[in-house]
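Architecture and fold: a report
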Amino acid sequence: MTRLRILLNGTVQGVGFRPFVYRIARTLGLKGYVTNDTGGVVIEVEGAKDKLDDFLLKLHTEKPLLAKIYYEETAYVEPAGYDDFRIEESISTGPPQALILPDISTCGDCTGELLDPDDRRYLYPFINCTNCGPRFTIIKGLPYDRPNTTMKDFHMCPACENEYKDPNNRRFHAQPNACPECGPNVRLVGNDGAPVTGEMDAITSLMEKITSGAIVAVKGIGGFHLICDATSNESVRLLRERKRRTEKPFAVMFRDMEQLKRYAMPDVMEESLLLSPARPIVIVRKKQGTLPEVSPRLEKIGAFLPYSPLHLIILAGLENPVVATSGNISDEPIVRDNAEALDRLSQLAAFIMIHNRPIHRRCDDSVVKVVGEFPQVIRRSRGHVPLPVVLPFRLDKKVLAVGAHEKNTVAIGFDNRIILSQHIGDMQTPESIEYFEEVIDGLSSIYEFTPDVIVHDLHPRYSTTRWAIQQDRAEIIGVQHHYAHILSCMAENGIYDEVTGISWDGTGYGEDGTLWGGEFLACNTGGFQRRYHFRQIRLLGGEKAVREPRRIALSVLFDIFNEGALEMDIPTLRAFDRKELSLLWLAYNRSINTPVCSSAGRLFDALSSILGILQICSYEAQAAMLVEDLYDPAVRDSYGYELNNGIIDWEPLFRDLLEDSETNKAPSRFLNTLALIALNVALLEGREKVCLSGGVFQNSPLTSLISGKLRAEGFKVFTHKNIPANDGGISLGQALYGGMNP
């Protein structure tokens, strides 16, 4: 007889790990205990050595599907004389290091019970078990036990408690376990807060409101959704008007895959993503002529399937799919609380479905897109957060990274992991800054985390930069935006030596005080050199030019043709009146409010304006998304360009474009040209490893073209998959740098 002590760290809390350990120990006749602590799971088992060996093997080969073990420590010690095997109360001492599981979609077993009229949880909107349900959004502290969640005040009835204590029940130690007798409940109220129906009729009444064309707000797992009939153009247009979202696509929730395929054409990989436990919004090609108001002028929609019991019940009772978009006014955080919903959503929704299970951490839906050959997370939130990026080494310092200005996330790094926050959004409103601070406080609290260093972007006017430099509790470091992009790609892919980093996006603040965005960098974890970049473009009107492709195109034309550009008869010139053109030429000629940028993203804007695709954007990257839809892989030729002393000159490209009579092929030739540029510069640089990062690399055909050309020449190409290529991944790169560099 001997005793084996095992310490496990990873995603081992909230996944049914202790019940799993209990069952295999009892099956093997072993004695001892299993418990949660703030670091993970502690196991002591004693018995014959061959039985302990078998236990260790089963621990890894038969563990719950959602469990991941990142660190294991074992020791054989003298027997303690245990008389049985039990699950002990959790230990709350020690530094919190256990990993929290993301919120998980309703499992098949719970879905079956939910829709079974003979089950005691029939149509109960909060059904869950150890294999599914809320985790991150309800947890207040570690270890993951019911008293540390927002379910603390819901006391289990005898039937639920029996399930909770039964080792053979899949609700054994399921912390959010509840039923209609003892758990949370829903209510439907008007936008004045007055009750509409009783509890039993609330969901039925809600479905009737949606069917009749109303916009409703529904409290979900991580916040509220605004919901309306996706097939009602009138309802969708009204939602756009109320949410101040003129053309930006809405996400659509479908009852099931069969219904989704009536409107869209997901491929095999997209279908697997739609059905995955994370249940993200997946960008898929829609069928021609369907849902025109949901994603105007685009060939794709963001589609997802119900992931909570409440969503499942609602969609099962509706004939049509629904728009299900974040419950907020544009640029504000998603609404979380009942009172907040009545205050902030009453102008948007006629009816509001609330419930009494508090949401401790607001969390938007994740968005995923297949880019090239692989899925790429575009917005990393519910279903993914707070799983860490695990490093093959320990960081020298505890680091807080405050991210970028747009698509903000923050990250904390300690030991051998970096934990990114959920999507926070654009830092443009006081409410966004409050949410940003709320997320930092939440992560710091749960891990009892105090940073040694705080890392921010170089841009002096970013809200996140100003916040960071006002802190007096740590060393403050600034890291260049595009370097942070490449570091993020390196960290995700486990690359820590010299790489060529191709960092293309809209704009980011450069070390020389100008705006960068089309960069080739020589990078390692200690620093970078700017090797090549696109010829600079003047932003006519400053920030206004970022929202108006016509201004970018006009600047390009002024650069090439000077005042002669004013005589051209092309869509760009026709998008202005003569007075505007005269004033803009004057501003250009005298360099009045015309900051310069080297952005690859702005080249998409110029192309879209010259071709008449888009003159003024109603949302970020709209021009690039429209250009992506126009790509034809059958077009193989390209336009010209020049490389001169580290400058990539786009003038030949635009001269060729203006002379191209086959304008339908121009978007393809444009993307082919960018791919050739990437290949030729990589060949000149000569490093074996190439990392692609920045929002431009969310463009599927461009990423495929560049990756394919580079690999054909023997390069090892690394792209983003689980971390956003856009600014949502910046905090990871910042954290890596701050944690590694003294």
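Model, not experiment: these values are computed from the prediction.

1. Here's the deal with the sheet that holds strand β10 (residues 281–285)
The strand order across the open sheet built from 10 strands is β6-β13-β7-β8-β12-β9-β11-β10-β14-β15, with neighbouring strands paired in mixed fashion. Whereas interior strands pair on both sides, the edge strands pair on one side only; in this sheet they are β6 (186–190) and β15 (374–379). Across this sheet, the average inter-strand angle for adjacent strands is 35°, counted without regard to direction. The pairing of strand β8 (residues 224–229) with strand β12 (residues 322–326) spans 5 bridges and is classified as antiparallel. Bridge assignment links Asp 229 to a residue of β12, and that residue is Val 322. Sitting on the sheet, helix α6 (residues 233–243) is in contact with β8 and β12, with an inclination near 145° to β8.

2. Observations concerning the nonpolar core
One finds Trp 504, Phe 534, Phe 654, Leu 674 and Ile 706 to be the most contacted residues of the largest nonpolar core, which totals 55 residues. With 10 residues, helix α21 (residues 666–685) is the single largest residue contributor to this core. Here Leu 674 is in contact with Trp 504, Phe 534, Leu 603, Phe 604, Leu 702 and Ile 706, once residues within four sequence places are set aside. Judged by nonpolar contacts, the second largest core, of 40 residues, contains Cys 129, Leu 206, Ile 221 and Met 353.

3. Description of the packing of aromatic side chains
How two aromatic rings sit relative to each other is set out by the distance from centre to centre and by the angle between their planes. Throughout the structure, instances matching the rule amount to 22 aromatic pairs. Centre to centre, the rings of Tyr 22 and Phe 172 are 5.6 Å apart; their planes meet at 65°, and the pair counts as edge-to-face. Of this pair, Tyr 22 sits in helix α1 (residues 17–27) while Phe 172 sits in the loop between α4 (158–165) and β6, and the two are 150 residues apart along the sequence. In terms of burial, Tyr 22 and Phe 172 fall into one category: buried. Judged by centre distance (6.3 Å) and plane angle (35°), the rings of Phe 304 and Tyr 307 are tilted. On the basis of relative accessibility, which here comes to 5%, the residue Tyr 307 falls in the buried class.

4. As for the pattern of salt bridges
All told, the structure shown has 49 salt bridges when counted by the stated rule. Between Glu 161 and Lys 165 there is a salt bridge, with the nearest N and O atoms lying 3.2 Å from each other. In this pair, Glu 161 and Lys 165 both sit in helix α4, 4 residues apart, roughly one turn of the helix. Judged by relative accessible area, Glu 161 falls into the partly exposed class, the value being 32%. Using a relative accessible area of 56% as the deciding quantity, one classes Lys 165 as exposed. Where Arg 687 meets Glu 498, a salt bridge forms, and the shortest distance between an N and an O atom there is 3.8 Å. Of this pair, Arg 687 sits in the loop between α21 and β29 (689–693) while Glu 498 sits in the loop between α13 (481–493) and β22 (499–509), placing them 189 residues apart in sequence. You can call Arg 687 buried: its relative accessible area is 16%.

5. A short note on the state of the cysteines
Under the counting rule described, the total for this entry stands at 0 disulfides. Cys 107 takes part in no disulfide bond, and the closest cysteine sulfur, belonging to Cys 129, lies 3.6 Å away. Of all cysteine sulfurs, the one in Cys 597 lies closest to Cys 617, which takes part in no disulfide; the gap is 14 Å. The exposure class assigned to Cys 617 is buried, which follows from its relative accessible area of 16%.

6. Let's talk about the pairing of strand β11 (residues 300–304)
Within a regular strand, the side chains alternate between the two sheet faces. β11 sits mainly inside the fold: 5 of its 5 residues count as buried. Neither face of β11 is left uncovered, since the one carrying Lys 300, Gly 302 and Phe 304 and the one carrying Ile 301 and Ala 303 both have all their residues buried. Of the pairings in the sheet, the one linking strand β9 (residues 251–253) to β11 comprises 3 bridges and is parallel in character. The partner of Met 253 across the bridge, within β11, is Phe 304.

7. Concerning α1
Most of α1 sits inside the fold, with 8 of its 11 residues counted as buried. Along α1, the positions that sit buried rather than exposed are Phe 17, Arg 18, Pro 19, Phe 20, Val 21, Tyr 22, Ile 24 and Ala 25. Contact partners of the buried residues in α1: β1 (2–11), β2 (31–37), β3 (40–47), α2 (49–61), β4 (68–77) and β5 (85–87).

8. Let's talk about the sheet that holds strand β21 (residues 475–479)
The 6 strands are arranged β16-β19-β18-β17-β20-β21 in an open sheet whose pairing can be described as mixed. The open sheet terminates on both sides in strands that have one partner only, identified here as β16 (389–390) and β21. Relative to strand β19 (residues 417–420), β16 runs antiparallel, the two being bridged by 2 bridges. From the neighbouring strand, Val 389 faces β19, where its bridge partner is Ile 418. Of the strands in this sheet, β16, β17 (399–401), β18 (411–414), β19, β20 (453–457) and β21 touch helix α23 (residues 730–740), which is tilted by about 150° from β17.

9. Points about the packing of helix α15 (residues 549–561) against helix α18 (residues 601–610)
One way to put it is that α15 packs onto α18 with a least axis distance of 7 Å and a crossing angle of 90°. Compared by their axis directions, α15 and α18 come out roughly perpendicular. Within the contact between the two elements, α15 uses Pro 549, Arg 550, Ile 552, Ala 553 and Val 556 and α18 uses Arg 602, Asp 605, Ala 606, Ser 608, Ser 609 and Ile 610. In terms of residue class, the contact of α15 with α18 is built from 6 nonpolar, 2 polar and 3 charged.

10. A short note on the side chain of Thr 594
Within the secondary structure, Thr 594 is located in the loop between α17 (578–590) and β26 (596–597). Thr 594 gets classed as buried once you look at its relative accessible area, which sits at 10%. The contact partners of Thr 594, leaving out residues within four places of it in the chain, are Arg 538, Leu 539, Leu 540, Ala 587 and Tyr 588.

11. Let's talk about the packing of α15 against α17
The interhelical angle for the contact between α15 and α17, taken along N-to-C directions, is 60°, at an axis separation of 11 Å. With respect to their mutual orientation, α15 and α17 come out oblique. Handedness of the α15/α17 crossing: right-handed. Mapping the contact onto sequence places Arg 550, Arg 551, Leu 554, Ser 555, Phe 558 and Asp 559 in α15 and Glu 580, Leu 581, Leu 584, Trp 585 and Tyr 588 in α17. Of the residues belonging to the contact of α15 with α17, the class tally is 6 nonpolar, 1 polar and 4 charged.

Thresholds applied
- Residues numbered from 1 in each chain as written.
- Predicted model: local features only at pLDDT ≥ 70, side-chain atom pairs only at ≥ 80, totals over all residues.
- Heavy atoms only, no water.
- Pairing = 2+ DSSP bridges.
- Helix = DSSP H or I, 4+ residues; strand = E, 2+ residues; numbered from the N terminus.
- Axes fitted to C-alpha atoms, helices over the stretch in contact; angles between N-to-C directions.
- Contact = heavy atoms within 4.5 Å.
- Core = buried A, V, L, I, M, F, W, Y, C linked by side-chain atoms within 4.5 Å.
- Buried < 20%, exposed > 50% of the residue type's maximum accessible area, 1.4 Å probe, protein only.
- Phe/Tyr/Trp six-rings, centres within 6.5 Å; stacked < 30°, edge-to-face > 60°.
- Salt bridge = Lys/Arg side-chain N within 4 Å of Asp/Glu carboxyl O.
- Disulfide = S-S within 2.5 Å.
- Parallel < 35°, antiparallel > 145°, perpendicular 65-115°, else oblique.
- Nonpolar A, V, L, I, M, F, W, Y, C, P; charged D, E, K, R; others polar.
- Left-handed = near helix turned anticlockwise from the far one by under 90°.

All quantities given are derived from atomic positions and should not be read as evidence of function.
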